[in-house]
Amino acid sequence: MSRVAVIGLGDMGSALARVLIAARRRPLLWNRSPERAAAFSGLDADIAGSAAEALSRAALVVVCLLDYRAVRAVLEPVSGYLDGRTVINLTNGKPEEAREMADWVAARGGRYVDGGIMAVPAMIGSQDAFILYSGSTAGFDRAAPVLEAFGKSRFLGRDPGLASVCDLGLLSAMYGLFGGFLHGVAMARSGGIAIEAFTEMSVAWLAAMVEVLPEIGAQIESGDYSAQSGSALAMQLVGIENIMAASKAQGIDASSLAHMHTLMARRVAEGRGGEDIAGLVESFSAPVRQAG
Ligand code: FVH
């Protein structure tokens, strides 16, 4: 009963299973489409014939499926086996889905820990991978020695939705980066600049800008947005308008910047043009929730 099962052997679930095998945990594996599980035959793992078998033979159940619809489709028919189990759900989802799933598992006698994987499959098992967890502290404590094989663990608190909140926030930052880069590549390409050269410059420029994030975070924490960076918002507004106008002239869609531009223009119109860009966070307003 100290066994660990992995339910879901897509790209990520397979990476999780492989590091458990490397860590000599001999995981019990199950996937809806059997051919993905069959790829592990001959390795130091067992293949379960059904989700029910995986749950019935393992105390710790790692779930990594496409979405919560899939999680419910797999777990609901076998809910009778959840009693006494610790479920670590690494499926991407919304905070409310995590909270509902935690209540549902607890009502059936199980411990529920939600997770957000901050890594791509190739990073799993390396020190560059970190995984956010929240939910049952007892469940996390039991699972921690197994979970450390995946990468660095960060337990955020008892509210099962916290890992999802943080995961989705970090993914939002990532999509801002990717979207901005792709827009930049489109501009550079239309201007005849080699993509390789532009990419190299992007890496250097963005790495320098990432260094500024702690200062922005500290300003938000303090609520003091007075200019310290030497890059006042009014100056930046002129810059973003130039990007949008140049994009339009080159036939490039600049709508990904339109929202940012609206927020900057509004802030400048409010007389805050001398502040740093950190103050824009107030325009993405939402009530501040206390971490649990
Ligand atoms: N891969 C990545 O880069 C990211 C990194 C961060 C975390 N994500 C999240 O991890 C979850 C799984 O992602 P994945 O990469 O393994 O996804 P796929 O390779 O597409 O595999 C999907 C698995 O889900 C199974 N599945 C889908 N629908 C159902 C269903 N209705 N019932 C049962 N299983 C289902 C699918 O099974 P099959 O198609 O092989 O039968 C795969 O096992 C995900 O939340 C990412 O956001 C990955």
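That block above? That's the structure.
This report concerns the structure included in the present document. Just so we're clear, the structure is a prediction, and the values are computed from it rather than from any experiment.

Let us now look at the overall build of the protein. The helix and strand inventory of the protein stands at 11 helices and eight strands. Taken over the C-alpha atoms alone, the protein extends approximately 65 × 45 × 30 Å along its principal axes. Relative to its 292 residues, the protein shows a buried fraction of 40%. Restricting to contacts in the protein with at least 6 residues of sequence separation, those with at least 24 account for 63%. Summed over all atoms, the accessible surface of the protein reaches about 15600 Å², with 58% contributed by carbon and sulfur.

As a further point, take the side chain of H183. Note on placement: H183 falls in helix α7 (residues 162-190). Taking relative accessible area as the criterion, H183 reaches 8% and is therefore assigned buried. If we ignore the near neighbours within four places in the chain, the residues touching H183 are I243, S247, I252, D253, A254, S256 and L257.

Turning our eyes to something else, we now look at the sheet that holds strand β5 (residues 86-89). Reading across the sheet, the eight strands line up as β3-β2-β1-β4-β5-β6-β7-β8 and stay open at both edges, with mixed pairing between neighbours. Both edges of this open sheet fall to β3 (46-47) and β8 (152-155), since each of them pairs with a single strand only. In the sheet, strand β1 (residues 4-7) pairs with strand β4 (residues 60-63) via four bridges, with the strands oriented parallel. Looking at the pairing, A5 lines up with V61 of β4. This element, helix α6 (residues 137-147), spans β1, β4, β5, β6 (111-118), β7 (130-135) and β8 of the sheet and lies at about 50° to β6. This element, α7, spans β6 and β7 of the sheet and lies at about 10° to β6.

Below, the discussion takes up the pattern of salt bridges. According to the stated counting rule, one finds 10 salt bridges in the structure shown. Residues D46 and R3 are paired through a salt bridge, measuring 2.7 Å at the closest nitrogen-oxygen approach. Of this pair, D46 sits in strand β3 while R3 sits in the segment before β1, and the two are 43 residues apart along the sequence. Across the salt bridge formed by D46 and R26, the nearest N and O atoms sit 2.9 Å from each other. One end of the pair, D46, is in strand β3; the other, R26, is in the loop between α1 (11-22) and β2 (28-30), with 20 residues separating them in the sequence. Judged by relative accessible area, D46 falls into the buried class, the value being 19%. Here R26 falls in the partly exposed class, since its relative accessible area comes to 34%. Among the charged side chains, a salt-bridge network with shared partners connects R3, R26, D44 and D46.

Judged by nonpolar contacts, the single largest core of 31 residues is most densely connected at L16, I88, L90, I117, I124, Y133 and F150. Those elements that place two or more of their residues in this core are β1, α1, β4, β6, β7 and α6. It is α1 that contributes the most residues to this core, seven residues altogether.

Moving on: the site of the ligand. Near the ligand there are 20 residues, and of these M12, N31, S33, R36 and N92 occur at the shortest range. One of the backbone nitrogen or oxygen atoms of D11 is found 2.9 Å away from an oxygen atom of the ligand. Take S33: an N or O atom from its side chain is 2.5 Å from an oxygen atom of the ligand. Protein contacts shield 76% of the accessible area of the ligand, which totals 900 Å² for the unbound molecule. Among the secondary structure elements, those contributing two or more residues to the shell around the ligand are α1 and α4 (68-75). The element best represented in the shell around the ligand is α1, accounting for three residues. Of the residues belonging to the shell around the ligand, the class tally is 10 nonpolar, seven polar and three charged.

The rules we used
Residues numbered from 1 in each chain as written. Predicted model: local features only at pLDDT ≥ 70, side-chain atom pairs only at ≥ 80, totals over all residues. Heavy atoms only, no water. Helix = DSSP H or I, 4+ residues; strand = E, 2+ residues; numbered from the N terminus. Buried < 20%, exposed > 50% of the residue type's maximum accessible area, 1.4 Å probe, protein only. Contact = heavy atoms within 4.5 Å. Areas by Shrake-Rupley, 256 points an atom, 1.4 Å probe, with all protein chains shown as cover. Pairing = 2+ DSSP bridges. Axes fitted to C-alpha atoms, helices over the stretch in contact; angles between N-to-C directions. Salt bridge = Lys/Arg side-chain N within 4 Å of Asp/Glu carboxyl O. Core = buried A, V, L, I, M, F, W, Y, C linked by side-chain atoms within 4.5 Å. Near = heavy atom within 4 Å. Polar contact = N/O pair within 3.5 Å; in protein donor to acceptor, adjacent residues only side chain to side chain. Nonpolar A, V, L, I, M, F, W, Y, C, P; charged D, E, K, R; others polar.

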